[in-house]
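Read off the chains here:
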Amino acid sequence: MVGVTIPHPSSGDTAARRQRLRARLATAATPVDAFVVSDLINVRYLTGFTGSNAALLIDVDDPSRDRICTDGRYRTQVANQVPDLEAVIERNCPQALIERARDGGATRIGFESDAMTVAAHRSLTRRFDDAGLELIGSDGLVQELRMVKDPHEIALLRAACAIGDAALAQIIADGAIRAGATEREVARALEWTMYRLGADGIAFETIVAAGPNSAVPHHRPTDAVLTDGDLVKIDFGAVYAGYHSDMTRTFVLTRAADWQQELYALVATAQAAGRAALTPGAELRAVDAAARDVIDEAGHGDDYVHGLGHGVGLEIHEAPGIGKLAAGTLPCGAAVTVEPGVYLPGRGGVRIEDTLVVTDGEPDLLTATDKTFTVI
């Protein structure tokens, strides 16, 4: 595990996160007595629980009345992973927790409207229509908290990124990225190496795109054969203890043409400008523009077809999004990617991506693989 051993989140970490959510609920424009969290990623963030069926009840006034709910399959798991909360064992967790809140005197109960289906909401409304309860939907509350990573989360992200760095270095040393290999073979070699180095999973379907395929931003690996002179774009990540890494590097096989070196230099300059713009309080659009302007001025604005980056953590894509239409500002402690790319259809493309944490000083670079133009 590349010399890093890090525990899963402790109850102390998750209790502090629940308290921050409670504080937000206490000052919300629409007050509630209790709040039901049903998004499984948010439940994990607030409790450490990793089962496939769960919900969490937050009592706005009294932390001792917080409850986690899951079904009987996870009775032992929830006791081990969430020893600091009483567990309610039921199949329909949102309904069970709303009933628990009602029995405790709550009359206004919030829920995650972005995590509940219309059918589930209709069922709950019918069930509690005569109970004097008001169900109040809200979205993004926990996701906003998750934007700012605590030190434990940053350590887990750093471990995931270290696995990715080590895996890429290993397959290069092993000669896996070579003329005659297929995109699919390179992708599988990289994924297997990440597992061998301690990854719990892969962050997303690994992208290996060679030659003209490198001009497709999200190309899926095929049996296309890598050839001398190809640009080879590799976008990948590892998952460690639930946290994701994300990195893209672009190489050239055997020999490089002038246009490939020029394209790489342009994207590298844009990527450096984007990294430098990662300051607390910066407008998200301005961060995107810092990199995009470099590419626009070089005449390749139409060849840069996506945003500059996104938040990363318990999900591979989470808030904040960094793009030319993004709203809001960048908080200190956010973990984000910076990944400009230029794609020339039929010829090839270059993307360079890092995962970084926004700090009061220089951004904390978590992906350490060298970005120097490299011919393999």
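Computed from a predicted structure; not experimentally measured.

**Points about the domain arrangement of the chain**
Per the domain assignment, the segments of the chain are domain 1 (14-145) and domain 2 (148-365). The distance between the C-alpha centroids of domain 1 and domain 2 comes to 36 Å. Contact with domain 1, which involves 7 residues of that partner, is made by 8 residues of domain 2. When domain 1 packs against domain 2, close to 610 Å² is buried across both sides, 48% of that on carbon and sulfur atoms. On the domain 1 side of the interface with domain 2, the three residues burying the most area are Arg17, Ile41 and Arg44, jointly 61% of the side's total. Counting the contacts that link domain 1 with domain 2 gives 1 salt bridge. Across the salt bridge formed by Arg17 and Asp150, the nearest N and O atoms sit 2.9 Å from each other.

**Some words on the pattern of salt bridges**
It is possible for side chains bearing opposite charge to pair when their charged atoms get close. Counted by the stated rule, this structure contains 26 salt bridges. The salt bridge partner of Arg18 is Asp66, with a shortest N-O separation of 4.0 Å. Of this pair, Arg18 sits in helix H1 (residues 11-26) while Asp66 sits in the loop between strand E2 (55-59) and strand E3 (67-70); the two residues are 48 residues apart in sequence, bridging distant segments of the chain. The exposure classification of Arg18 matches that of Asp66, with both residues buried. Here the salt bridges do not stand alone but share partners, grouping Arg18, Arg22, Asp66 and Asp84 into one network.

**Brief notes about the side chain of Arg292**
One can find Arg292 in helix H10 (residues 284-297). The exposure class assigned to Arg292 is buried, which follows from its relative accessible area of 8%. Only 2.7 Å separates the side chain of Arg292 from the side chain of Asp288, close enough to count as a polar contact. Not counting the four nearest positions on each side in its chain, Arg292 is found in contact with Tyr304, His306, Gly307, Leu308 and Lys324.

**Focus on the sheet that holds strand E7 (residues 201-202)**
Strand pairing in a sheet takes place through backbone hydrogen bonds and is either antiparallel or parallel in direction. Taken together, the 3 strands give an open sheet; going across it, the order is E7-E10-E11, and neighbouring strands pair in antiparallel fashion. If you trace the sheet from one side to the other, it starts and ends with E7 and strand E11 (243-244), each paired once. Examined bridge by bridge, E7 and strand E10 (residues 238-240) share 2 bridges and lie antiparallel to one another. In the sheet register, Gly201 faces E10, and the bridge partner there is Val239.

**Brief notes about a negative patch on the surface**
A grouping of Asp293, Asp296, Glu297 and Asp302 is seen on the molecular surface, where their side chains present a negatively charged patch. Secondary-structure assignment places Asp302 in the loop between H10 and strand E13 (309-311).

**Focus: the pairing of strand E18 (residues 354-357)**
Residues Asp354 and Leu356 of E18 are buried on one face, and the alternating residues Thr355 and Val357, pointing to the opposite face, are buried as well. Sheet analysis places strand E15 (residues 335-338) next to E18, joined by 4 bridges and oriented antiparallel. Each residue of the ladder has a partner; that of Val338, found in E18, is Asp354. Alignment of E18 against strand E19 (residues 364-365), held across 2 bridges, turns out to be antiparallel.

About the criteria used
Residues numbered from 1 in each chain as written. Predicted model: local features only at pLDDT ≥ 70, side-chain atom pairs only at ≥ 80, totals over all residues. Heavy atoms only, no water. Domains from an automatic or database assignment. Contact = heavy atoms within 4.5 Å. Buried area = accessible area lost by both parts, 1.4 Å probe. Salt bridge = Lys/Arg side-chain N within 4 Å of Asp/Glu carboxyl O. Helix = DSSP H or I, 4+ residues; strand = E, 2+ residues; numbered from the N terminus. Buried < 20%, exposed > 50% of the residue type's maximum accessible area, 1.4 Å probe, protein only. Polar contact = N/O pair within 3.5 Å; in protein donor to acceptor, adjacent residues only side chain to side chain. Pairing = 2+ DSSP bridges. Patch = residues over 30% accessible without salt bridge, like charges linked within 9 Å, V, L, I, M, F, W, Y side chains within 5 Å. Areas by Shrake-Rupley, 256 points an atom, 1.4 Å probe, with all protein chains shown as cover. Lys, Arg positive; Asp, Glu negative; His and termini not counted. Charge placed at Lys NZ, Arg CZ, Asp CG, Glu CD.

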